[in-house]
Amino acid sequence: VETRLVLSMGPDNSITIRVDLSVPVKGSGPLPAVITGDREWGRTEGLEVATDRGYIVADFYRTDLDPDNDDRTNGVHPHYPEYDWATLSVWAWGYYRVVDYLMTLENVDKDKIVVTGHSRGGKTALLAGAMDSRIAIVVPAGSGAGGCGCLKYMQGGAESLMRITRSDKWHYWFQPRFSDFRRRVERLPFDQHFLKALVAPRALLCTEGLEDEWANPWGVSKLLKQRGRFTSSWESRKR
C-alpha cells in the first residue's frame with residue numbers, strides 16, 4: 001500500500017518534504033523500515049521486493065529541502081540563515097526528519113531502521129547514518145568521493161576531491177573549506193574511513209560496482225586490509 005505524505009517542519013512548519021510511504025499488505029508489525037532520499041530519480045527500483053519481504057519503505061524527495069545547485073536563496077537556507085551547512089548536510093537532515101516521523105508509527109520497528117541511497121544519495125545516507133544513532137543499518141551505494149571512497153587512496157578514473165569540488169561541478173555539496181584541500185589532498189587531517197567509523201557499533205554496508213572506477217571501489221576496501229593478508233574482490237578481478 002503506497003501513500004503520499006507531506007511532512008512539515010522548521011520555523012512555523014514552513015519547510016515541507018514529500019514522502020512516498022509503502023507498507024506491506026501482509027504483516028501487522030512492528031516491521032523494519034528502509035529510508036531512501038532518491039525519490040526524484042523515480043520510484044525506487046525493487047520496491048515490491050522490499051515490501052513483499054516485509055519492509056516498510058519511505059522514499060523522500062531530498063531536493064524539496066535543497067535543490068541540487070549552488071543557489072542558497074531557496075530550500076531550507078532562508079529559514080536558517082545562520083547555518084553554513086552545504087547540500088549534503090541538508091539532505092542528511094531530511095533523513096533525520098523522516099526518522100522522526102517513522103518513530104511515531106506503531107507498525108515500525110524502531111530498532112530496525114535502515115538508510116540507503118545511490119551516488120550522491122549514497123554520500124548523504126552515509127552522513128545521515130554516521131550522525132543519527134537511531135539508524136541501525138547504513139547502506140550507501142556507489143557513494144565514491146565524499147562517501148565511502150577514501151580520498152587519499154584511489155586508482156584509475158576515480159572521482160577525486162579535485163574533480164568533485166570544481167566550481168562548475170558539485171562544490172556546493174560540501175562545506176566551502178573542503179575545497180581548500182583540492183590541490184593538497186595529502187594535507188587533509190582525516191579521510192572517509194573516519195566518517196565510516198562513526199557508524200560503529202551499528203552496521204555499515206558499502207556497496208560498489210566492481211567495474212565502477214568512478215565510485216573508487218579500491219579506495220573503499222583498501223583500508224580494510226591488514227598487512228597485505230586480505231585482498232579485495234575488486235583487486236582480484238582486476239588482476
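Structure shown above.
In this text, all values refer to a predicted model and were calculated from it rather than measured experimentally. (Residues numbered from 1 in each chain as written. Predicted model: local features only at pLDDT ≥ 70, side-chain atom pairs only at ≥ 80, totals over all residues. Heavy atoms only, no water.)

Peer 1: I tried to follow the pattern of salt bridges on my own but got confused; where do I start?
Peer 2: Between side chains of opposite charge, pairing is possible as soon as their charged atoms come close. Scanning the entire structure with this criterion turns up 15 salt bridges. A salt bridge links Glu2 to Arg43; the shortest N-O distance between them is 3.2 Å. Here Glu2, found in strand E1 (residues 2-9), pairs with Arg43, found in the loop between strand E3 (31-36) and helix H1 (47-52); they are 41 residues apart in sequence, far enough to count as distant. Overall, the relative accessible area of 43% leaves Arg43 in the partly exposed class. Here Asp100 makes a salt bridge to Arg134, at a shortest N to O gap of 2.6 Å. Here Asp100 is found in helix H2 (residues 87-102), whereas its partner Arg134 is found in the loop between helix H3 (120-131) and strand E6 (137-141), with 34 residues between them in sequence. Exposure remark for Asp100: the relative accessible area of 30% places this residue in the partly exposed category. For Arg134, a relative accessible area of 28% gives the class partly exposed. Three or more residues joined by partner-sharing salt bridges are found here, namely Arg97, Asp100, Asp132 and Arg134. (Salt bridge = Lys/Arg side-chain N within 4 Å of Asp/Glu carboxyl O. Helix = DSSP H or I, 4+ residues; strand = E, 2+ residues; numbered from the N terminus. Buried < 20%, exposed > 50% of the residue type's maximum accessible area, 1.4 Å probe, protein only.)

Peer 1: Quick question: what am I supposed to make of H3 here?
Peer 2: For an α-helix, the turn length of 3.6 residues means that residues three or four places apart are oriented alike. Over its twelve residues, H3 runs 17 Å from end to end, which matches the ideal 16 Å to within 8%, given 1.5 Å per residue. Within H3, ten of the twelve residues are buried, leaving the element largely enclosed by the surrounding structure. For H3, the full list of buried residues reads Arg120, Gly121, Gly122, Lys123, Thr124, Ala125, Leu126, Ala128, Gly129 and Ala130. In this structure, the buried residues of H3 make contact with H2, strand E5 (108-118), E6, helix H4 (161-164), helix H5 (192-197) and strand E7 (203-204). (Expected span 1.5 Å × (residues − 1). Contact = heavy atoms within 4.5 Å.)

Everything listed here is a matter of geometry and, on its own, says nothing about what the molecule does.
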